[in-house]
Amino acid sequence: MDGIGRLIDRLPKVELHVHLEGTLEPELAFRLADRNGLALPFASVEKMRAAFDFEDLQSFLDVYYAACSVLVTRADFRDLTRDYLARANADRVRHVEPFFDPQTHTTRGIPIDDVIGGILDGLADGEREFGITSGLILSFLRHLPVEAADATLTAAEPWLDRIVAVGLDSTEVGYPPEPFAPVFARARSLGLRAVAHAGEEGEAALVARTVDCLRASRIDHGVRAADDPAVMRLLAESGVTLTACPISNVRLRVVPTMERSTIGTLMRAGVAVTVNSDDPAYFGGYIGDNYRAIAAALDLGVDDVRQLAVNAINGSFATAERKRELMAELEAAVAGMA
Ligand code: ADE
Ligand code: ZN
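Note that the structure is a prediction, hence the values are computed from the model and not measured.

A. How the structure looks around the coordination of the zinc ion (ligand 2). At 2.0 to 2.2 Å from the zinc ion (ligand 2) lie its protein donor atoms, namely His17 (NE2), His19 (NE2), His197 (NE2) and Asp278 (OD). Taken in chain order, the donor set of the zinc ion (ligand 2) reads H-x1-H-x177-H-x80-D. Here the residue histidine 17 occupies a position in the loop between strand 1 (13-15) and helix 2 (26-35), and aspartate 278 occupies one in the loop between strand 10 (272-275) and helix 14 (280-283), the gap between them amounting to 261 residues. For histidine 17, a relative accessible area of 0% translates into the label buried. The class of aspartate 278 is buried, set by a relative accessible area of 2%.

Spelled out as structure tokens, the structure:
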């Protein structure tokens, strides 16, 4: 294995863009369907995986939301979260800030207490077993009315001391960020940080508008920001972190090939880019695979890979003390490669 491959294997990682629902591997989906007496629209694990061939974001979201129907009990959410953390641990993830979409479950009649309670149980398992620290992000679905996002924030109020931020995801084109500004303002007034998906399928201007109207401290994806030097300058100067997901972008045809990823352009413009997995069960790659794929395609060196990992530590919502620990682990891993 080459030096960069070895560095990536050893690198203590921070993951800032992963949807817990997107870590539902077909094996677990079938196990949960069986446990809950439900049927999946696939004859087997292999047939389900074979259906993961997407044309765009929406064709993926349709499959992703349908598969969520097997997540029913608090134990299901715990198993989902713990299984992800076991995989993340194998990739040397040391801190993670995962998203969950409460509305995908509450609209099916699942109590929000079971969703959040199960996820927090799984995160506690992961910290105990693997030492992985975390900060949970409650993400609103932008294809649903803003009133539903507001009601979701209210329903989550008893849990807010266990949640670090709110997010915004789902279909981007046709669902602008501005209507969500009051809900995000309320979330911020309750002590939460703000992040939001933008510039995945939407244009560069949407990235700037999202930072402005939601006061987002991170933009999830932000691929298209590379089309506009003024937007890249805004991101670099305001210290907004971009959570890029290179394999996702190829699989959802946001970019035609890994070599055409915009991550290099963004890094050269001084934007704080990070590498993440998005929905690894569907795109066939966890965070380590994403680092390896982008490093190979863009011929990244040790300094580039280190910078991506440093950006993730700095852009996280971990405490200052935890950030110092993560940075020390990172520097030890990089020094060990010299
Ligand atoms: N929900 C899960 N994955 C997503 C993505 N890549 N973009 C928008 N919403 C999502
Ligand atoms: Zn995402």
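B. Spotlight on helix 5 (residues 74-90). Over its 17 residues, helix 5 extends 25 Å from the first C-alpha to the last, a length consistent with the 24 Å expected when each residue adds 1.5 Å. Here helix 5 has its buried residues at Asp76, Phe77, Leu80, Thr81, Tyr84, Leu85 and Ala88. Projected onto a plane normal to the axis of helix 5, the buried residues spread over an arc of 165 degrees and lie on a single side. Looking at the packing, one finds that the buried side of helix 5 touches strand 1, helix 2, strand 2 (93-96), helix 6 (102-106) and helix 7 (112-130). Among the residues trailing helix 5, arginine 92 stands out with phi positive, at a value near 60 degrees.

C. The nonpolar core, seen in detail. The biggest cluster of nonpolar side chains holds 107 residues, and the ones touching the most others in it are Phe60, Phe140, Ile163, Leu235, Tyr282 and Tyr291. With seven residues, the top contributor of residues to this core is helix 7. Contact partners of tyrosine 291, with chain neighbours within four places excluded, come to Ile8, Leu11, Lys13, Val275, Val305, Leu308 and Ala309. Among the nonpolar cores identified, the runner-up in size contains five residues, and Phe99, Ile137, Ala165 and Val195 belong to it.

D. Inspection of the environment of alanine 88 at higher detail. With respect to the secondary-structure elements, alanine 88 resides in helix 5. Judged by relative accessible area, alanine 88 falls into the buried class, the value being 3%. For the pair alanine 88 and tyrosine 286, spaced 198 residues apart in sequence, the C-alpha to C-alpha distance is 7.5 Å. Among residues more than four places away in sequence, those in contact with alanine 88 are Val93 and Ile132.

E. The side chain of threonine 241, seen in detail. Mapped onto the elements of the fold, threonine 241 is located in strand 9 (residues 241-244). You can call threonine 241 buried: its relative accessible area is 5%. If sequence neighbours within four positions are ignored, threonine 241 has contacts with Ser217, Arg218, Ile219, Ala272, Thr274, Asn311 and Gly315.

F. View of the site of ligand 1. Near ligand 1, the surroundings consist of His19, Leu57, Phe60, Leu61, Tyr64, Asp169, Ser170, His197, Glu200, His221, Asp278 and Asp279. A distance of 2.8 Å separates a nitrogen atom of ligand 1 from a polar backbone atom of serine 170. Measuring from a nitrogen atom of ligand 1, one finds a side-chain N or O atom of glutamate 200 at 2.7 Å. With the chains in place, 100% of the 260 Å² that ligand 1 exposes on its own is no longer accessible. By residue number, the principal contributor to the shell around ligand 1 is helix 4 (residues 57-67), which donates four residues. Partitioned by chemical class, the residues of the shell around ligand 1 number four nonpolar, four polar and four charged.

G. Just unusual backbone geometry, in detail. Here arginine 92, not a glycine, exhibits a phi torsion of approximately 60 degrees, which is positive. The residue arginine 92 is located in the loop between helix 5 and strand 2 in this model. You can call arginine 92 partly exposed: its relative accessible area is 36%. Positive phi values are uncommon outside glycine, yet serine 170 reaches one of about 85 degrees. Looking at where serine 170 falls in the secondary structure, it is placed in the loop between strand 6 (163-169) and helix 9 (181-189).

H. Up close: the sheet that holds strand 6. Overall, parallel pairing links the seven strands, which are arranged 3-5-6-7-8-9-10 in an open sheet. Across the chains shown, the open sheet's two edge strands, defined by having one partner strand only, are strand 3 (99-100) and strand 10. Inspection of the sheet shows strand 3 paired to strand 5 (residues 136-141) by two bridges, in the parallel sense. Bridge pairing links phenylalanine 100 to leucine 138 in strand 5. Its contacts with the sheet put helix 10 (residues 204-214) on strand 6, strand 7 (193-198) and strand 8 (218-221), and the angle it makes with strand 7 is roughly 160 degrees.

I. Structural context of the packing of helix 16 (residues 302-315) against helix 17 (residues 320-335). Closest axis-to-axis distance for the helix 16/helix 17 pair is 10 Å, and the angle between their directions is 170 degrees. By the criterion of interaxial angle, the relationship of helix 16 to helix 17 is roughly antiparallel. On helix 17, the residues touching Val302, Arg306, Ala309, Val310, Ile313 and Asn314 of helix 16 are Lys323, Leu326, Met327, Leu330, Glu331 and Val334. Among the residues making up the contact of helix 16 with helix 17, the classes are represented as eight nonpolar, one polar and three charged.

J. Representation of the side chain of glutamate 25 within the structure. Within the secondary structure, glutamate 25 sits in the loop between strand 1 and helix 2. Apart from residues no more than four positions distant in its own chain, glutamate 25 is found in contact with Arg49, Arg87, Ala281 and Tyr286.

Reading the values: the criteria
- Position numbers for residues start from 1 in each chain and track the written sequence from start to end.
- Each chain is given a letter, starting from A, and each ligand a number, starting from 1, according to the order in which they appear as written.
- At least 70 in pLDDT is required for a residue's local features to be given in this predicted model, at least 80 for side-chain atom pairs to be given and counted, and no such filter applies to totals for whole chains, interfaces and linings, which use all residues.
- Working from all heavy atoms in the structure, the side-chain values ignore hydrogens and water.
- Any nitrogen, oxygen or sulfur atom within 2.8 Å of a metal ion counts as a donor, with the limit raised to 3.2 Å for Na, K and Ca, and since water is left out, coordination shells can look unfinished.
- In DSSP terms, a helix is any run of H or I states spanning at least four residues, a strand is any run of E spanning at least two, and both are numbered starting from the N terminus.
- Buried residues are those whose accessible area, probed at 1.4 Å on protein chains only, stays under 20% of the maximum for their type, while exposed residues exceed 50% and partly exposed ones sit between those limits.
- A helix is expected to span 1.5 Å multiplied by its residue count minus one.
- The directions from the helix axis to the C-beta atoms are what the arc is built from.
- We call two residues in contact whenever any of their non-hydrogen atoms come within 4.5 Å of each other.
- Here, nonpolar core means buried Ala, Val, Leu, Ile, Met, Phe, Trp, Tyr and Cys residues that are tied together by side-chain atoms lying within 4.5 Å of each other.
- Any residue with a heavy atom positioned within 4 Å of a molecule or strand is treated as near that molecule or strand.
- Distance and chemistry together define a polar contact, namely a pair of N or O atoms within 3.5 Å, with one atom able to donate a hydrogen and the other to accept it when in protein, and with adjacent residues in sequence counting only for side-chain atoms on both sides.
- The method behind every accessible area is Shrake-Rupley, applied with a 1.4 Å probe, and residues are considered shielded solely by the protein chains displayed.
- In the scheme used here, Gly and all other residues not listed as nonpolar or charged are polar, with Ala, Val, Leu, Ile, Met, Phe, Trp, Tyr, Cys and Pro taken as nonpolar and Asp, Glu, Lys and Arg as charged.
- Paired strands are those between which DSSP finds at least two bridges.
- Note on method: axes are straight lines fitted to C-alpha atoms, helices fitted across the in-contact stretch only, with angles between N-to-C directions ranging 0 to 180 degrees.
- Oblique is the label for any angle not covered by the other classes, which are roughly parallel (under 35 degrees), roughly antiparallel (over 145) and roughly perpendicular (65 to 115).

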